[in-house]
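Here is how the chains run, residue by residue.
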Amino acid sequence: MASGIKELILRRRTSKPANFSDRIPDPALIRDLIETARHAPNHHRTEPARFYLLDQERIKEVGRLFGEVVAVDESDPALVERGKKKAREWGASPGLLVVTCHTDLDSELARNKPTVIEENYATCSCICQNLLLLLENEGISAKWGTGPVFDHPEFTETIGMQAPECESVVALLFYGYSETELSERTYAPLETHLRDFTV
Ligand SMILES: Cc1cc2nc3c(=O)[nH]c(=O)nc-3n(C[C@H](O)[C@H](O)[C@H](O)COP(=O)(O)O)c2cc1C
């Protein structure tokens, strides 16, 4: 299954949890991928990423919380229906890894060098892309999700967040096996985004 890095980057696509089969990827494999993914550039070597590898019970709970957030206006039947759908889709995902970014704003480093906040987020983003590529390499599809579920008052407790006052959620990485073929994405021509002084 191992591929070259270029092929992996080109092949990876976001895949919806609704497309995942029931088969649960081996948590030992996911832990191994997390260990590898941590090897990313990191200014000041702060190691800001925190990982929460959820079991089925917690995944279902996160789905329920998201459903509640979506259906916040209970008088709107469309929102209530959408909330139920989201709760079902998210709650049934065979895998969910939450990645947060830990920065202590009261630390000497953050007070002296406030750019560490963005730098820590950048490191966490590198780690998330590492994870997506490593998952792809194992034939596991994934989706990087963000969303208002973070604001649900029960979210931090549900995932057992260690230091909620210092952590912000970077990604909900839903993952699972999928047979769904996804077409290639199209991009703007590189010339429109690249100024190349070498030619
Ligand atoms: C920071 C970040 C947040 C994202 N949040 C969501 C999300 O909440 N819901 C969603 O469907 N996709 C989300 N995505 C996935 C993007 O929608 C997806 O990467 C984009 O459509 C391009 O498709 P591709 O990943 O297949 O190339 C997110 C991606 C990133 C990097």
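Residues numbered from 1 in each chain as written. Predicted model: local features only at pLDDT ≥ 70, side-chain atom pairs only at ≥ 80, totals over all residues. Heavy atoms only, no water.

## Some points on helix H3 (residues 56-70)
Right, so step 1: The end-to-end C-alpha distance of H3, which contains 15 residues, comes to 21 Å, matching closely the 21 Å that a straight helix rising 1.5 Å per residue would cover.
Right, so step 2: Within H3 the residues assigned to the buried category are Ile59, Val62, Gly63, Leu65, Phe66, Gly67 and Val70.
Right, so step 3: Against the buried residues of H3 lie helix H4 (77-91), strand E2 (95-102) and helix H7 (155-159). (Helix = DSSP H or I, 4+ residues; strand = E, 2+ residues; numbered from the N terminus. Expected span 1.5 Å × (residues − 1). Buried < 20%, exposed > 50% of the residue type's maximum accessible area, 1.4 Å probe, protein only. Contact = heavy atoms within 4.5 Å.)

## A word on the site of the ligand
Right, so step 1: Close to the ligand lie Arg12, Arg13, Thr14, Lys143, Trp144, Gly145, Thr146 and Arg185, which account for all nearby residues.
Right, so step 2: Here an oxygen atom of the ligand sits 2.6 Å away from a polar atom, N or O, in the side chain of arginine 13.
Right, so step 3: Take tryptophan 144: an N or O atom from its main chain is 2.9 Å from a nitrogen atom of the ligand.
Right, so step 4: Within the complex, the protein chains bury 59% of what would otherwise be the 620 Å² of accessible surface of the ligand. (Near = heavy atom within 4 Å. Polar contact = N/O pair within 3.5 Å; in protein donor to acceptor, adjacent residues only side chain to side chain. Areas by Shrake-Rupley, 256 points an atom, 1.4 Å probe, with all protein chains shown as cover.)

## Considerations on the sheet that holds strand E3 (residues 141-145)
Right, so step 1: Across the sheet, four strands lie side by side as E1-E2-E4-E3; this open sheet has antiparallel pairing. Looking at which strands have only one partner, the edges of the open sheet turn out to be strand E1 (49-53) and E3. Across the sheet, the axes of successive neighbouring strands diverge by a mean angle of 25°, strand direction being ignored.
Right, so step 2: The pairing of E2 with strand E4 (residues 167-176) spans eight bridges and is classified as antiparallel. Bridge pairing in E4 places valine 98 opposite leucine 172.
Right, so step 3: Its contacts with the sheet put helix H2 (residues 27-37) on E1, E2 and E4, and the angle it makes with E1 is roughly 175°. (Pairing = 2+ DSSP bridges. Axes fitted to C-alpha atoms, helices over the stretch in contact; angles between N-to-C directions.)

None of the figures reported here should be taken as evidence of function without further support.
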